[in-house]
Amino acid sequence: MRTLILAAILSLAAAPALAGQAVTLKSETLDADGLITLSDLFDGAGSSGKVAVATRPGTTAVLDAGAVQLAARRAGLDWANAEGIRRIVVRAGADGGFSAPAARGNVEVLTYARSLSAGEMVHPQDVVWAKAAGAPADAPRDADAVIGMAAKRPLRAGAAVSLRDVSSPQVIKAGDAVTVLYEAGGVSLSLDGKAMGAAGIGDTISIQNTASKKVIQATASGPGQAVVGPAADHLRSLGRAQYAQR
């Protein structure tokens, strides 16, 4: 009996997708009144375009692409999402997005969903895939490369993401007490020092030995911690992105 019920549920869930009208995501998703409808999101939505899927409380709204795809299917529309878009940014617009679509580019690039201040951390909802005529030479292929990183400078909403825009969040600030560790061949040594500058994980930082007052170069490995020797070489080789605080 449970098998029959499950089969019935699956057939009902699949029906809208099989019979759905194919639609494409607009290159620029806008709405004018704060109520986001399928026509604001898709070209070719037809009579289903009046179906509301979300509200926009501010100047922008970030929608989960999977939830939008499900809402479209329930309304009889089929969005294939071949590009694998994970989030959709909807911005305020005077015409609600019903004007002729902007010229489409031929490259999917990661863009900022909102403006970020220098030092602000990039969160998952802060980036979204969009179409553009081209991409920066160091454009990331995956959003995970910048999520958890900190903006080096003010970043504008809608701008293409570049790896030059971000760096590891600071885990050590100038004046912080830092423990420096050295480990190799079964030998483990440590010293206490004071940070002469700020650093993120994987950054080289100058540390003044509290006892001798000598300044050494170490690699930041965490809040109040740094390493020298093989551990520092290994940490730098892994790259900053893998050590960004998520």
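Our subject in this report is the structure included herewith. Only a predicted model underlies this, so the values are computations on that prediction, with no experimental measurement involved. (Residues numbered from 1 in each chain as written. Predicted model: local features only at pLDDT ≥ 70, side-chain atom pairs only at ≥ 80, totals over all residues. Heavy atoms only, no water.)

## A word on the nonpolar core
Nonpolar side chains in soluble globular proteins tend to end up buried together.
Part 1 of the reasoning: With 32 residues, the main nonpolar core has Leu-41, Phe-42, Ile-88, Tyr-112 and Val-127 as its most contacted residues.
Part 2 of the reasoning: Elements supplying a minimum of two residues to this core: helix H2 (38-41), strand S7 (60-64), helix H3 (65-74), strand S9 (87-92), strand S10 (107-112) and strand S11 (127-132).
Part 3 of the reasoning: With 3 residues, H3 is the largest single contributor of residues to this core.
Part 4 of the reasoning: By size, the runner-up hydrophobic cluster in this structure holds 16 residues, among which are Val-171, Ile-172, Val-178 and Leu-235. (Core = buried A, V, L, I, M, F, W, Y, C linked by side-chain atoms within 4.5 Å. Buried < 20%, exposed > 50% of the residue type's maximum accessible area, 1.4 Å probe, protein only. Helix = DSSP H or I, 4+ residues; strand = E, 2+ residues; numbered from the N terminus.)

## Considerations on the packing of aromatic side chains
The geometry of two aromatic rings is summed up by the distance between their centres and the angle between their planes.
Part 1 of the reasoning: Scanning the model with the defined rule gives 1 aromatic pair in all.
Part 2 of the reasoning: Residues Phe-42 and Trp-79 carry aromatic rings whose centres are separated by 5.5 Å and whose planes lie at 55 degrees to one another, so their mutual orientation is tilted. A residue pair is termed long-range when its members are at least 10 positions apart, and Phe-42 in strand S5 (residues 42-43) and Trp-79 in the loop between strand S8 (77-78) and S9 qualify at 37 residues.
Part 3 of the reasoning: For Phe-42, a relative accessible area of 2% puts it in the buried group. (Phe/Tyr/Trp six-rings, centres within 6.5 Å; stacked < 30°, edge-to-face > 60°.)

## Description of the pairing of strand S15 (residues 177-184)
Two faces, one strand: in a regular strand the side chains alternate between the faces of the sheet.
Part 1 of the reasoning: Sheet analysis places S15 next to strand S16 (residues 187-195), joined by 8 bridges and oriented antiparallel. Residue pairing across strands places Val-180 opposite Leu-191, the latter belonging to S16.
Part 2 of the reasoning: Where S15 lies against strand S20 (residues 225-228), 4 bridges are found, and the strand directions are parallel. Residue Tyr-182 lies in a different strand from S20, and its bridge partner there is Val-228. (Pairing = 2+ DSSP bridges.)

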